Structures are given as C-alpha cells and as structure tokens.
Amino acid sequence: MQPLRRRLLLDAFRAADLCAMTAAFGLALLVSAGAASPNNPAEFLAVRIKLSNALLFMGFAALWHVIFRARGLYRSRRIGLLVSEWWDIAKAVALGALILAGLAVVLRLIAVDRRFLAVFFVAGLVGTVLTRSVLRLVLGEVRRKGRNLRNLVIVGCGPRGARLGAEIWKRPDLGYLLLGYIDDIPPPRSSLHGQPEKLLGGLKDAAGLLGHMEVDEVMICLPLRSQYETIARIIAVATEMGLIVRIPADFFELKLAHAEVEHLDKIPIVTLAESAPSSLGLVLKRVVDAVFAGVALVLLAPLFLIIAVAIKLESRGPVFFSQERVGFGRRKFRMWKFRSMVKDAESQLPKLERLNEVHGAAFKMKKDPRVTRVGLVLRKLSLDELPQLFNVLIGEMSLVGPRPLPLRDVEKISNGWQFRRFSMKPGLTCLWQVNGRHEIDFDHWMELDLQYIDSWSLGLDLEIALKTIPAVLRGAGAS
C-alpha cells in the first residue's frame with residue numbers, strides 16, 4: 001500500500017477514536033451534570049467553556065492518542081481476531097480513565113466524579129469498538145473491490161504454503177495481492193482458478209527477487225529443520241529492506257496444541273499449548289462448583305450423620321477415608337470419602353493385585369473382599385463419594401471432570417497421551433461414570449476423559465450431571 005494511503009487510513013482510525021472519546025466525554029458530563037442539578041440541566045448547557053478547560057481537553061486528547069498508539073492500535077491488523085483488538089481497546093480506555101481520575105484529583109476537577117468516570121469508560125469502550133468495527137467493515141468492502149491491497153510473496157511451496165495461499169484467496173477482505181511463490185519445487189495449484197500459482201524463482205534468488213519487486217510483506221512457510229539457514233537469510237534480507245515478515249507458528253504441525261506469541265520482558269516467545277476452554281467458562285464452572293457444593297453440604301448434613309453412625313456401628317476405624325490422589329496439572333491432593341472398606345484395606349492391596357479385573361493401570365474388583373456390608377450399600381448408591389464435596393468447595397475438584405487417580409494408578413500409566421487427562425480439574429462424575437464405570441477398560445476410560453476435555457462446555461457438564469442421577473440410582477457399573 002502506498003505511504004499516502006496508509007497515512008490516510010491511520011488518520012481515519014485516529015479521527016474515529018477521537019470522535020468516540022469526545023462523545024463519551026460529553027455524555028459523561030451530561031450525566032454528571034444532570035445528577036448534580038436534575039431540575040435545571042439548562043444551567044450546565046449555558047456554562048461557557050473556559051480556555052483552560054479547552055487546553056486541558058486538548059492535552060487529554062493527545063494523551064489518548066499516545067495510549068492507543070502504545071497499545072498497538074495503529075499498527076496493521078490485517079491478520080488477527082477482532083476480539084484481540086477489542087481487548088486492547090478495553091485496556092487503553094481503562095488506562096485513559098484512570099489517568100483522567102488522577103488528573104481530577106490533582107487539578108480538583110469537580111465535574112469528574114465517580115459517575116462521570118463510569119459513564120466515560122463504558123461509553124468510550126462501546127463507542128470506540130463500534131466506530132472501529134464500522135471502519136473495518138467499510139475497509140473490507142473496499143479491499144474486496146481490489147483497493148487498499150498489500151503485495152504478498154510466499155516463500156515455500158509445500159503443504160503449509162499451499163494452505164496459506166488458499167486462505168489468502170478465500171479472504172479478499174484481508175487485502176492481500178498474492179504475487180507468487182519463491183521455492184525450488186513446483187508451486188501449488190490456485191484454489192481460485194485451479195491453475196499452478198506463479199513461481200517467482202528459487203530460494204537462492206530470494207534476495208534479488210524481493211529487492212526488485214514491489215513487495216509489502218513476505219510469509220515464510222519453509223520447513224524449519226531443513227531450511228533453517230535459508231529462513232534466517234531471507235528474514236535478514238527482508239527486514240533490512242523494511243518488509244514485514246510473517247511466519248506461521250505451526251512449525252511442528254501439532255494436532256492438539258495451538259501457538260501463541262507471548263513476551264518475557266522484550267523477548268518474544270512462541271508458546272505451544274493445548275487448546276484450553278475459555279477463561280470465562282472456567283470461572284463460571286468454578287462459581288457453580290462452589291455454590292452447589294456449599295449448599296449440598298448444608299442440606300446433606302443429616303445424611304452425613306446417619307452414614308457416619310452406620311459405619312461406626314459395623315466396624316472399627318475412622319468414618320472418613322482419605323487418600324492422596326493426582327489432580328489438575330498432576331498436582332497431588334488429599335481426597336476424602338466415607339470409609340467403605342476394612343481399616344487396613346490399603347495394606348491388603350498388594351495381595352490382591354493378581355485378581356485385578358480391569359486391563360490397564362487401574363485396580364478394580366467387583367467382589368472386593370475388603371468392602372464392608374455398609375460399604376456395599378454406600379458404593380452401590382455412590383454415597384461414599386459425598387465427602388468429596390469438601391474437595392469441590394475448596395477448589396481441588398469440580399462437580400464434573402475426569403475422576404482423580406490414586407498414585408498407584410498414575411505410576412502404571414504407560415501411554416503418554418493419557419497424561420493429558422490431567423489438564424482439567426478432576427470431578428465427582430464424568431463420562432466414565434455414566435457409561436458403565438467398572439465395565440469399561442482403562443484405555444477406554446482415558447479416551448472418554450479426553451473426549452470430555454476436547455468437547456467441554458457448561459452444557460456438557462449439565463448433561464453429564466443429569467445422566468449421573470439415574471446411573472447412580474440403578475447402580476450402573478458400581479461394585
């Protein structure tokens with residue numbers, strides 16, 4: 001894109017941001033003045049604007065621009081999610097409101113009170129997001145018509161380069177004109193017309209080609225391991241020419257991880273991590289867990305007392321059984337249950353290992369000789385699990401999630417993919433619980449846990465919770 005057009009585009013965004021801020025400022029003043037003198041708002045409108053106030057506002061407008069520039073809101077955002085821009089806007093507006101609050105204290109600006117600041121923040125955020133969204137919609141239509149384009153060259157004709165080129169052709173609103181490919185192998189076929197894309201030249205000629213063509217951006221899609229030196233050379237040449245260089249972050253073609261660029265001080269770091277549920281969703285899940293567990297513990301207190309008496313009357317030993325389990329992030333915690341076995345059940349386990357009825361790391365027996373008569377009833381109705389509501393209340397467990405494994409079972413896990421179950425907080429019930437429990441072998445159990453993690457939602461939690469009730473009542477898979 002020509003420098004003049006780029007400046008005009010940036011000026012449009014700056015003007016839109018300033019208009020949104022001015023409108024938010026005016027609305028906040030109106031609301032604040034209306035609250036101060038609700039019977040005569042005309043007094044506020046009749047007040048003359050002082051030169052000192054006008055200069056103060058102009059200074060704040062300049063500061064507003066500096067804040068938005070520092071948040072990167074005036075750099076090219078052709079690639080990226082709108083949500084990330086909205087988040088940057090929210091942080092910029094919040095910082096501006098905080099600075100304004102500080103100025104109000106120092107300069108004793110009576111009009112800038114808490115009501116003013118609240119209205120200014122909300123109106124500024126909503127106004128800026130709306131004006132920028134409208135601008136981007138208009139800009140997208142302009143780009144679809146072949147204007148405001150950036151010339152792009154893709155280095156690498158392999159599968160990654162082909163996918164990227166196909167995506168560029170599918171998204172004319174991004175405003176890229178794909179000039180062609182640079183590589184030593186034949187170019188991919190265009191998804192637009194089915195013919196081979198234009199091959200500009202080989203990798204050895206990359207520097208000369210980029211130097212003699214009207215190029216704005218370079219996307220490098222070469223294999224990292226075999227072409228490291230070539231990639232480094234092209235990056236050095238392109239950045240020296242002032243070109244924007246982009247590199248897709250899917251270096252290792254991971255199926256379960258997504259890449260995100262973060263910063264350690266000023267050092268950019270590519271983070272590869274499993275795609276996790278949204279933070280808001282997990283916060284809501286935690287709120288539901290805490291509220292439900294707290295209410296349930298109060299309502300079930302009489303039942304707890306009855307079970308405790310029954311356990312004490314039948315056998316000697318404590319009412320509760322606690323065991324170290326492995327939870328979220330493979331961190332250990334102490335899980336609580338009503339004791340359903342004899343007092344020395346743990347020490348008898350090595351003698352029963354050969355009678356294990358489940359293939360894999362877990363130990364399960366349908367007719368475990370260590371289980372007491374009261375324990376049989378508790379296990380049949382899953383009442384022995386109720387004390388885990390304490391674990392849920394303090395945040396070590398969730399109502400729904402992969403069941404926490406004992407240390408003995410975790411030490412016997414031999415397949416690396418099964419460790420991914422620890423990327424979610426353990427729960428009282430999960431897909432395994434409502435699909436037969438002990439009738440399912442260990443590998444299938446782990447597969448169900450990963451299925452839950454990969455498709456998690458609050459709706460799925462509710463569905464599993466509702467299915468747990470009839471499964472418990474009919475004793476499905478219980479032993």
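Residues numbered from 1 in each chain as written. Predicted model: local features only at pLDDT ≥ 70, side-chain atom pairs only at ≥ 80, totals over all residues. Heavy atoms only, no water.

Visitor: I'd like to hear about the overall build of the chain, residue by residue, with values.
Guide: Looking only at helices and strands, the chain features 16 helices and 12 strands. Here the chain holds 479 residues, and the buried ones make up 42% of them. A sequence separation of at least 24 residues applies to 69% of the contacts in the chain between residues at least 6 apart. Element-wise, carbon and sulfur atoms account for 63% of the exposed surface of the chain, whose accessible area totals about 27,400 Å². (Helix = DSSP H or I, 4+ residues; strand = E, 2+ residues; numbered from the N terminus. Buried < 20%, exposed > 50% of the residue type's maximum accessible area, 1.4 Å probe, protein only. Contact = heavy atoms within 4.5 Å. Areas by Shrake-Rupley, 256 points an atom, 1.4 Å probe, with all protein chains shown as cover.)

Visitor: Please give an account of the packing of helix H4 (residues 82–107) against helix H5 (residues 114–144) that cites residues and values.
Guide: Relative to each other, H4 and H5 sit at 150 degrees, their axes nearing to 9 Å. Along this stretch, H4 crosses H5, giving a crossing that reads as right-handed. For the pair H4 and H5, the contacting residues are Leu82, Glu85, Trp86, Ile89, Ala90, Val93, Ala94, Ala97, Leu100 and Ala101 in the first and Phe116, Leu117, Phe120, Phe121, Gly124, Leu125, Thr128, Val129, Arg132, Ser133 and Arg136 in the second. A class-by-class count of the residues in the contact of H4 with H5 yields 15 nonpolar, three polar and three charged. (Axes fitted to C-alpha atoms, helices over the stretch in contact; angles between N-to-C directions. Left-handed = near helix turned anticlockwise from the far one by under 90°. Nonpolar A, V, L, I, M, F, W, Y, C, P; charged D, E, K, R; others polar.)

Visitor: Could you give an account of the pattern of salt bridges, with specific residues and numbers?
Guide: Evaluated as defined, the whole model comprises 18 salt bridges. The residue Arg14 makes a salt bridge to Asp11 at a minimum N-O spacing of 2.8 Å. Linking Arg14 with Asp11, this pair stays in helix H1 (residues 3–36), spanning three residues, or about one helical turn. Using a relative accessible area of 26% as the deciding quantity, one classes Arg14 as partly exposed. A salt bridge links Asp88 to Lys91; its shortest N-O distance comes to 3.8 Å. One end of the pair, Asp88, and the other, Lys91, are both in helix H4, three residues apart, so they sit about a helical turn from each other. One network of salt bridges, in which partners are shared, links Asp17, Glu85, Arg132 and Arg136. (Salt bridge = Lys/Arg side-chain N within 4 Å of Asp/Glu carboxyl O.)

Visitor: Describe a nonpolar patch on the surface, with residues and values.
Guide: A surface patch of nonpolar side chains, amounting to about 450 Å² of accessible area, comprises Val283, Val287, Val291, Val295 and Leu299. Checked against the element boundaries, Val291 lands in helix H9 (residues 279–299). (Patch = residues over 30% accessible without salt bridge, like charges linked within 9 Å, V, L, I, M, F, W, Y side chains within 5 Å.)

Visitor: An account of the pairing of strand E4 (residues 217–220) is needed here, citing residue identities and associated values.
Guide: Every second residue of E4 is oriented toward a common face, with Glu217 and Met219 on one face and Val218 and Ile220 on the other, all of them buried. Across four bridges, strand E1 (residues 150–155) lies against E4 in parallel orientation. Note that in E4 the partner of Leu152 across the bridge is Glu217. Alignment of E4 against strand E5 (residues 244–246), held across three bridges, turns out to be parallel. Directly across from Val218, in E5, lies its bridge partner Val245. Remark: the E4/helix H8 (residues 228–240)/E5 crossover connection has right-handed handedness. (Pairing = 2+ DSSP bridges. Right-handed = clockwise from strand over helix to strand, strands pointing away.)

Visitor: Requested: an account of the nonpolar core, with residues and values cited.
Guide: With 42 residues, the main nonpolar core has Phe338 and Tyr452 as its most contacted residues. Elements supplying a minimum of two residues to this core: H9, helix H10 (301–314), strand E9 (332–338), helix H12 (373–380), helix H13 (388–393), strand E10 (398–400), helix H15 (442–454) and helix H16 (458–473). When residues in this core are grouped by element, the largest group, seven residues, is from H15. One finds Met21, Trp64, Leu73 and Ala123 within the second-largest nonpolar core, a separate group that totals 28 residues. (Core = buried A, V, L, I, M, F, W, Y, C linked by side-chain atoms within 4.5 Å.)

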